[in-house]
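Fold and contact review
Spelled out, the chains give:
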Amino acid sequence: MNIRKIAVPLVAIALFLAFWEALVWINGWPRYKMAAPSDLPQAYWRFRWLFLEMGWQTLWRTVAGLILAVIFGTALGVVMGFSRTMRDALYPLLVGFNAIPKATVVPIIALMFVGQHDFNTVLIAFLISFFPIAVSVSIGLSTLEPEYRDILRSLGASKLTIFWKIALPKTLPEFFGALKVAVTLAFIGTNLMEIVSPHGRGLGALFDSGRTNSDYPLMFAVLIALAFLGIVLYYIVVALERIFAGWADRAPG
Amino acid sequence: MENTVEIRHVTHAYRTPHGPLPVLNDLSLAIPTGAFCAVVGPSGCGKSTLTRLIAGLMKPDQGQVFLHGEPVRGPRNTVGMAFQNPVLLEWRSILDNVILPLEIVAPRMPRRDREARARELLALVGLEGFESKRPSELSGGMRQRASLCRAIVHKPEVLILDEPFGALDAFTREDLWQTMHALRREEPFTTLLITHDLRESIFLADEVVVLSGRPATAQYRMQVPGGTGRVLDDLYTPDAAERLNVLRHQIQIAQGRAEVHA
Ligand SMILES: Nc1ncnc2c1ncn2[C@@H]1O[C@H](COP(=O)(O)OP(=O)(O)O)[C@@H](O)[C@H]1O
Ligand SMILES: [Mg+2]
């Protein structure tokens with residue numbers, strides 16, 4: 001059973017790589033046009049220190065943006081979840097802001113804070129990812145059935161107690177659902193900024209330098225490194241969800 | 001005898017976008033200490049509003065609610081509530097759900113004592129062995145039993161039940177009626193039960209109050225003898241049939257479907 005679980009995906013990956021390799025080989029594509037999987041180890045080895053350094057850059061800036069998004073998004077969600085007036089006031093603003101394609105915001109921010117590359121990147125990762133968190137927390141809180149509140153309110157419990165003991169835990173499944181979306185978005189934000197801003201750092205910048213040199217093996221190596229980082233981040237969120245909201249798995253169906 | 005709950009000339013209206021909606025009109029009601037009072041009435045007539053006033057979750061426009069002779073000014077921890085929806089917290093075990101009110105009411109009570117109290121109640125309602133289960137692993141009737149335990153774990157003076165058995169099938173409901181009697185024999189509390197089941201009202205209550213249609217006032221009162229000594233067979237006696245008939249007629253009057261006969 002367990003062997004199957006590991007073996008099946010491994011075989012699928014191997015088949016995919018073989019297909020890719022064959023495609024490049026049959027078409028006789030040169031390296032300045034397309035890279036084959038067999039070129040990748042060499043690319044990784046040649047740029048191993050760059051990969052480590054740039055990978056770390058991308059990772060910490062994504063996580064920093066995400067942490068800001070969690071703090072700000074949760075605070076905004078709490079305010080909107082508890083106050084009808086705030087919800088009516090902020091919702092159109094938020095929706096409008098979210099409707100702006102972030103690819104257009106990236107160059108603006110890159111220019112506005114030119115030279116402050118770390119700040120830029122964290123800012124865009126944050127801006128792109130707080131929205132789903134704010135919305136899910138506010139919906140989770142505002143749809144709390146009144147009876148849930150009343151069982152504690154009728155005992156004279158404070159609003160804060162009700163929030164900690166009932167409203168917050170009850171919203172956790174929605175929160176983690178949104179966090180899974182947010183982690184992907186923040187990662188996109190970081191990479192957009194790294195590619196767009198001049199003299200950038202991070203895996204996005206490494207990708208850009210591969211692009212200017214038509215170094216396809218390097219570009220593909222970066223793509224795969226990015227996919228790897230993205231998967232790691234995603235599964236960290238999944239693991240946190242299991243720990244803090246695992247109870248929602250067995251909800252009655 | 002002292003009255004634990006006393007409602008004096010309460011009038012209340014909700015403010016809605018379409019103007020005020022009068023819900024209660026000069027309603028008076030008294031529940032003696034230790035007694036069980038059932039309130040029946042047409043749906044939407046203001047029964048849940050009445051429970052929220054007693055629990056101190058709302059203030060009436062006019063009139064006053066007294067608990068042990070003291071006017072109710074806000075929520076107080078001597079009240080226990082259970083609703084049609086058992087509203088158990090899915091992330092807590094059954095035991096921790098029952099303990100919840102003690103965390104608010106008796107924050108300094110040692111964990112061991114809290115658990116002992118919760119276990120004692122769970123055993124009393126037949127949930128021994130289910131303490132560490134999640135609510136989603138229990139049937140509807142079992143969840144409602146746990147919800148009852150949570151409502152009385154802190155030994156409230158008043159237990160307020162708002163149609164707690166309304167969503168259960170007939171057999172489970174009858175089981176829970178008997179559990180209710182068993183609990184009352186063990187734990188002294190004063191109860192207000194809202195229900196739309198007339199058989200339930202005469203099986204459980206010492207007094208049944210029929211509310212008129214909205215805005216509601218106490219339209220009819222019936223004393224029922226027997227207390228917790230009643231058995232299900234008592235529901236099939238001529239006396240019970242007579243009582244049900246009278247109550248049914250009163251409900252029809254409250255719904256505006258029957259004439260009032262002298
Ligand atoms: N918070 C509220 N605001 C406005 N109207 C309400 C509110 N709560 C209840 N109502 C209305 O008041 C009436 C009585 O409600 P309720 O006390 O819940 O009735 P019951 O429990 O007897 O069915 C209903 O018509 C209901 O729609
Ligand atoms: Mg109701």
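Look up: the structure comes first, before these words.
Remember, predicted model here, so these are calculated numbers, not experimental data.

1. Topic: the interface of chain B and chain A
Tallying the contact residues gives 26 residues for chain B and 19 residues for chain A. A combined buried area of about 2000 Å² lies between chain B and chain A, and 69% of that area is made up of carbon and sulfur atoms. When the area that chain B buries against chain A is broken down by residue, the three leading residues are L57(B), W91(B) and I104(B), summing to 30%. Remark: the boundary between chain B and chain A carries 2 salt bridges. We note a salt bridge from R52(B) to D150(A), for which the minimum N-O separation is 2.7 Å. On inspection of chain B and its partner chain A, the count reaches 2 residue pairs in polar contact (both at pLDDT 80 or more). If you list the elements that add at least two residues to the side of chain B that touches chain A, you get β6 (79-83) and α2 (94-105) of chain B. Of all the elements, α2(B) adds the most residues to the side of chain B that touches chain A, at 5 residues. The residue makeup of the side of chain B that touches chain A, split by class, is 14 nonpolar, 4 polar and 8 charged.

2. Topic: unusual backbone geometry
For the bond running from R214(B) to P215(B), omega is -10 degrees, close enough to zero to count as cis. Counting through the fold element by element, P215(B) comes out in the loop between β9 (207-211) and β10 (218-223). Phi at S214(A) is positive, roughly 50 degrees, even though this residue is not glycine. Mapped onto the elements of the fold, S214(A) is located in the loop between α9 (202-212) and α10 (216-245). Given the relative accessible area of 36%, S214(A) is considered partly exposed. The backbone of K155(B) sits at a positive phi, close to 50 degrees, despite the residue not being glycine.

3. A look at the nonpolar core
By size, the foremost hydrophobic cluster in this structure holds 101 residues, and its most contacted members are F51(A), L203(A), V39(B) and I54(B). It is helix α8 (residues 159-196) of chain A that provides the largest number of residues to this core, a total of 13 residues. Beyond its immediate chain neighbours, meaning those up to four positions away, V39(B) contacts L29(B), K47(B), L50(B), L192(B), L193(B), I194(B), T195(B), V209(B) and L211(B). Formed by 47 residues, the second largest nonpolar core is a distinct cluster that contains A118(B), L121(B), C149(B) and L168(B).

What counts and how
Along every chain, residues carry numbers that run from 1 in the direction the sequence is written. For naming, the first written chain is A and the first written ligand is 1, with later ones following in the order written. In view of the model being predicted, local features appear only for residues whose pLDDT reaches at least 70, and side-chain atom pairs are presented and counted only at 80 or more, with totals across whole chains, interfaces and linings using the full set of residues. Values reported for side chains reflect all heavy atoms of the structure, with hydrogen atoms and water molecules removed beforehand. Whether two residues are in contact is decided by their heavy atoms, any of which lying within 4.5 Å being enough. Two parts placed together each lose some accessible area under a 1.4 Å probe, and the buried area is that loss summed for both. Whenever a carboxyl oxygen of Asp or Glu lies within 4 Å of a side-chain nitrogen of Lys or Arg, that contact is scored as a salt bridge. N or O atoms within 3.5 Å of each other form a polar contact, as long as, within protein, one can give a hydrogen and the other can take it, and as long as residues adjacent in sequence are counted only when both atoms are side-chain atoms. Helix and strand definitions here come from DSSP, where helices need a minimum of 4 consecutive H or I residues and strands a minimum of 2 consecutive E residues; each element is numbered from the N-terminal end. In the scheme used here, Gly and all other residues not listed as nonpolar or charged are polar, with Ala, Val, Leu, Ile, Met, Phe, Trp, Tyr, Cys and Pro taken as nonpolar and Asp, Glu, Lys and Arg as charged. Each residue is assigned to one of three classes by its accessible area relative to the maximum for its type, calculated with a 1.4 Å probe on protein chains only: buried under 20%, partly exposed between the two thresholds, exposed over 50%. Take the buried Ala, Val, Leu, Ile, Met, Phe, Trp, Tyr and Cys residues and link them wherever side-chain atoms come within 4.5 Å; each set so joined is a nonpolar core.

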